[in-house]
Amino acid sequence: MIHLQKESGRIRLVLDAYFMGEDIVVLISGGDQPHLGTITAGARLEPMQTVQLQTHKEFYITEEIAVRLRKEFAGNFAICCGAHLDDATKEEIRVLTDMAIQLGKELIGELKQKRL
């Protein structure tokens, strides 16, 4: 398992990655109400598929990380994300999105070190 986290102001995000053999499941959650908002799954040579639950917008995060992950990771992957801030400003949403994508980049760095 890989565990990463970031904080900025009232925003706190956690990324946990679990290995399933050669594959990986990535969970990104945080804010005031962690939840399951969007799931993006794929593999290096397969098209990505995204499931957006209700009106959640976390696909901006999961798809950006998936595009980067599929270039570096040989196995199948699923990225699940849900983070909600009560009364979030546009700036807080931008910061949260940037933080989540940065966590994805850090995950890829960890995977490269482990040569996965």
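Quick caveat, the model's predicted, so the values are computed rather than measured.

Enquirer: Which parts of the structure should I look at to understand the state of the cysteines?
Expert: A disulfide bridge is the covalent bond that connects two cysteines by way of their sulfur atoms. In total, this model carries zero disulfides according to the counting rule given. Free of any disulfide, C80 has its nearest neighbouring cysteine sulfur in C81, separated by 8.9 Å. By relative accessible area, which is 14% here, C80 ends up buried. On the accessibility criterion, C81 (1% relative accessible area) is buried.

Enquirer: Would you mind showing me how to read the packing of helix α1 (residues 59-72) against helix α2 (residues 90-114) here?
Expert: Two quantities define a packed helix pair, namely the angle between the axes and the distance from one axis to the other. One can describe the packing of α1 onto α2 by two numbers: an axis separation of 9 Å at closest approach and a directional angle of 20°. With respect to α2, the element α1 is oriented roughly parallel. For the pair α1 and α2, the sense of crossing is right-handed. Every residue of α2 that contacts α1 at Y60, I61, E64, I65, R68, L69 and E72 is listed here: L96, T97, A100, I101, G104, K105, I108, L111 and K112. For the contact of α1 with α2, the residue count by class is nine nonpolar, two polar and five charged.

Enquirer: How should I be thinking about unusual backbone geometry in this particular structure?
Expert: Excluding glycine, residues mostly carry a negative phi; peptide bonds, for their part, are mostly trans. Residue Q54 is not a glycine yet carries a positive backbone phi of 50°. Residue position: Q54 is located in the loop between β5 (46-52) and α1. With a relative accessible area of 66%, Q54 lands in the exposed category.

Enquirer: Just to check I follow, could you spell out the sheet that holds strand β3 (residues 23-31) for this structure?
Expert: Overall, mixed pairing links the six strands, which are arranged β1-β2-β3-β6-β4-β5 in an open sheet. Two strands in the sheet have a free side with no partner beyond their single neighbour: β1 (2-8) and β5. Here the average twist between neighbouring strands, direction ignored, is 10°. The sheet strands contacting α2 are β1, β2 (11-20), β3 and β6 (77-84), and the helix crosses β1 at an angle near 150°.

Quick notes on the rules
- Residues numbered from 1 in each chain as written.
- Predicted model: local features only at pLDDT ≥ 70, side-chain atom pairs only at ≥ 80, totals over all residues.
- Heavy atoms only, no water.
- Disulfide = S-S within 2.5 Å.
- Buried < 20%, exposed > 50% of the residue type's maximum accessible area, 1.4 Å probe, protein only.
- Axes fitted to C-alpha atoms, helices over the stretch in contact; angles between N-to-C directions.
- Helix = DSSP H or I, 4+ residues; strand = E, 2+ residues; numbered from the N terminus.
- Parallel < 35°, antiparallel > 145°, perpendicular 65-115°, else oblique.
- Left-handed = near helix turned anticlockwise from the far one by under 90°.
- Contact = heavy atoms within 4.5 Å.
- Nonpolar A, V, L, I, M, F, W, Y, C, P; charged D, E, K, R; others polar.
- Pairing = 2+ DSSP bridges.

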